Structure formats: structure tokens, C-alpha cells
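# Secondary and tertiary structure notes
Each chain, written out:
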Amino acid sequence: MNPRSRLSTTAIAGLTAVLLLAGCGGGDGDGGAKAADKASSAPTTTGASASASPSASASASSDGRPKITLPSDVTLTFEGGRTGDAVKDAVLADSAEMTRAVDAAIAGTDPKGEGMGYYTTGKALEASLSWVGQFKKANVTITGVVRYYNRKVTLKSNTAAIVTYCGDESKGFSKDKKTNKINKTPVTKDSYVTYNTRLDKNSDGVWQTSQIISARGAAQCQP
């Protein structure tokens, strides 16, 4: 779960905001590069929530998009997906799919990262690949529930948008692949993350995330 699945301090030592380095060059402020001793996966489901059984890899849906599934012990919920504006709704849907895609790559239900390659581009794709690689290196996966809320879209042009949102990772954790031990951590202000992302619409009509910046403990995301 993007960085949600909070890895132990040892597991992510030296990995401060690996996922979000992509967005740091975007000029959106310096709040993004702090994941410290917590990790939450960035970029998971269109609609309100998602929880699915594992599959070997991402398969194609009827519209040609990769079909992203998650393990049964991983649930992502996305609030506020309907704005009344068709374009904004499409942006929010693809933003959520980006998150699901990264989590699927971490969890092993999309080992080739097909969904991640579909919904991210540029520096965001590079950073996401690096982030997934760190989970593999640490031999951990993700489990639990993560809620995304306060999702807002600003259309910059016909092909560019900014999406900001909060993530509640208080019930999302990392899990050791070998022992299945869940690395539970106490709930603190750092369990809540703010995200600032840029999405660009490609020639196929997909809103791909191109930049991501996040910060833990942001006041606007506290319960």
C-alpha cells in the first residue's frame, strides 16, 4: 500500500520517500520527501472500495485496461469518487487504479507490474518501480485496510490535472513473506499521509500519474 504497508525502521533505512522522489522536482513544495520510518504504498480501486482474491498477474478487461486484483487480506477504500463532472471522475478513477496497481505489484498479484506500467509514467513510474523493489528486497508484503479520503481534483488543462488526497494507514501494515508475521505499529500522526499528485492524459485516454509528493503527519489529514 504505497508506502502504507509500514516497513520496519531497519527494512527501510535509507529509503526516505523513495516513492515520492519522483515528484520532488515538480516544484510543488518540500513536503513530499518524508517517509522516515514508515512506509505506505502509493498508489488501489475504482469506485468506493476494493478487495479481491489473488491472481497470477494483471489480465486485460473488456476495455483493454489491465484488470487489477488484490489479495483477500488487502482492502483499499476511496471516498469521494463522484463529483458530478465526468472528466474529474475519470481522473479520480485512474488515480485510484494507480494506487491499486502499485499495491498489486507489491503483493504479488501483478508480479510483472503491468498495471503499474499502465497507470504511471515518467518519474512516478521510476519511483514506483524502485519502491516495489524495496519491498521485494526486504521480503515483505502488505496487509490490512487503507482509506483514502479528502480527494480533490483541479483540472489544469484538457490533458493535465492535480489530485490531492489523504491516506489513513492506521490499519495497514507490512507482513513478512516467510513467516507471515504482521509488523503492527502504533497509531500516531504519521499514520496519516497527504498526497499531491499530477496526472497527464495519454493518447489512449488514460490519466497516468506522472508525479507524486507525500508527507506524513500533515494537519489536514488528522482524524
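Predicted, not measured: the structure shown is a model, and the values here were computed from it.

Of the regular secondary structure elements, the protein holds three helices and 10 strands. Tracing the protein from N to C terminus, the helices and strands come up as β-β-β-β-β-α-α-α-β-β-β-β-β. Accessible area of the protein: about 9,600 Å², with a carbon and sulfur share of 50%.

Okay, the packing of aromatic side chains next. For any pair of aromatic rings, the description consists of the separation of the ring centres together with the inter-plane angle of the planes. A full pass over the atoms with the stated rule returns six aromatic pairs. Grouped by ring-pair contacts, the aromatic residues Phe-78, Tyr-148, Tyr-165 and Tyr-195 constitute a single cluster.

So, about helix α3 (residues 122–138). Helix length check: α3 (17 residues) gives 25 Å between terminal C-alpha atoms against 24 Å at 1.5 Å per residue, within 8%. Of all the residues in α3, the buried ones are Ala-124, Ala-127, Ser-128, Trp-131, Val-132, Gln-134 and Phe-135. Buried residues in α3, looked at end-on, bunch into an arc of 150°, giving them a common side. Opposite the buried face of α3, by more than 90 degrees, sit the exposed residues Glu-126 and Lys-137. Looking at the buried positions of α3, the neighbouring elements they touch are α1 (86–107), α2 (114–119), β6 (140–155) and β10 (207–216). Immediately downstream of α3, the backbone of Asn-139 shows phi near 60°, a positive value.

A separate point is the pairing of strand β9 (residues 192–201). With nine bridges connecting them, strand β7 (residues 160–176) and β9 associate as antiparallel partners. Following the sheet pairing, Ala-161 is matched in β9 by Leu-199. Where β9 lies against β10, nine bridges are found, and the strand directions are antiparallel. Looking across to β10, one finds that Leu-199 is bridged to Thr-209. Hairpin connection, β9 to β10: the antiparallel pair is bridged by five residues, and Gly-205 has positive phi, about 85°.

Before going further, it helps to examine the state of the cysteines. The final tally for this structure, using the stated rule, is one disulfide. A disulfide bridge connects Cys-166 with Cys-221, and the sulfur atoms are separated by 2.0 Å. Taking the torsion about the sulfur-sulfur bond, which here is approximately -75°, the covalent link between Cys-166 and Cys-221 counts as left-handed. Residue Cys-166 is found in strand β7, and its partner Cys-221 is found in the segment after β10; the two are separated by 55 residues along the sequence. Cys-221 carries the same exposure label as Cys-166, and that label is buried.

To continue, consider the packing of α1 against α3. The contact between α1 and α3 brings their axes to 9 Å, and the two run at 30°. Classified by the angle between their axes, α1 and α3 sit roughly parallel to one another. Like other packed secondary-structure pairs, α1 and α3 cross with a definite hand, here right-handed. Judged by residue contacts, Val-102, Ala-105 and Ile-106 of α1 engage Ser-128, Trp-131, Val-132 and Phe-135 from α3. Its residues assigned to classes, the contact of α1 with α3 comprises six nonpolar, one polar and no charged.

A general trend in soluble globular proteins is that nonpolar side chains are found buried together. By size, the foremost hydrophobic cluster in this structure holds 34 residues, and its most contacted members are Leu-76, Val-91, Val-102, Ile-106, Tyr-148 and Val-163. Put simply, the parts of the chain that give this core at least two residues each are β5 (74–78), α1, α2, α3, β6, β7, β9 and β10.

It is worth spelling out the side chain of Ser-210 at this point. Considering the arrangement of structural elements, one finds Ser-210 in strand β10. Filtering out sequence-adjacent residues up to four positions away, Ser-210 remains in contact with Thr-121, Lys-123, Ala-124, Arg-198, Leu-199 and Asp-200.

The next subject is the environment of Lys-184. Take Lys-184: it is sitting in the loop between β8 (182–183) and β9. The class of Lys-184 is exposed, set by a relative accessible area of 63%. Counting along the chain gives 14 residues from Lys-184 to Ser-170, while the straight-line C-alpha distance between them is 9.4 Å.

What counts and what doesn't
Going along each chain's sequence as written, the residues are numbered from 1 onward. Whole-chain, interface and lining totals are the exception, using all residues; otherwise, since this is a predicted model, local features are given only for residues with pLDDT of at least 70 and side-chain atom pairs are given and counted only at 80 or more. To obtain the side-chain values, all non-hydrogen atoms of the structure were included, while hydrogens and water were left out. Here a strand is any run of E in DSSP of at least two residues, a helix any run of H or I of at least four, and the numbering for each starts at the N terminus. For accessible areas, the Shrake-Rupley method is used with a probe of radius 1.4 Å. Any residue's cover is judged against the shown protein chains and nothing else. Planes of paired rings set the category: under 30 degrees apart is stacked, over 60 is edge-to-face and the rest tilted, where pairs are Phe, Tyr or Trp rings (Trp by its six-membered ring) whose centres lie within 6.5 Å. In this analysis, the expected span of each helix is defined as 1.5 Å times one less than the number of residues it contains. Here's how the labels work: a residue is buried when its accessible area is under 20% of the maximum for its type, exposed when over 50%, partly exposed in between, all with a 1.4 Å probe on protein chains only. For this quantity, the arc is that covered by the directions from the helix axis to the C-beta atoms. Every residue pair with non-hydrogen atoms within 4.5 Å of one another is taken to be in contact. Any two strands are treated as partners once DSSP identifies two or more bridges connecting them. When two cysteine sulfur atoms are found within 2.5 Å, that pair is recorded as a disulfide. A fitted line through C-alpha atoms represents every axis, and for helices the fit uses only the stretch in contact; the resulting angles, taken between N-to-C directions, go from 0 to 180 degrees. Any angle that is under 35 degrees is reported as roughly parallel, and any over 145 degrees as roughly antiparallel; angles of 65 to 115 degrees are reported as roughly perpendicular and all others as oblique. Left-handed describes a crossing whose near helix is turned anticlockwise from the far helix by less than a right angle; the clockwise case is right-handed. Amino acids are sorted into nonpolar (Ala, Val, Leu, Ile, Met, Phe, Trp, Tyr, Cys and Pro), charged (Asp, Glu, Lys and Arg) and polar (every other residue, Gly among them). Note on terminology: a nonpolar core comprises buried Ala, Val, Leu, Ile, Met, Phe, Trp, Tyr and Cys residues joined through side-chain atoms within 4.5 Å.

Keep in mind these numbers describe shape, not what the thing actually does.
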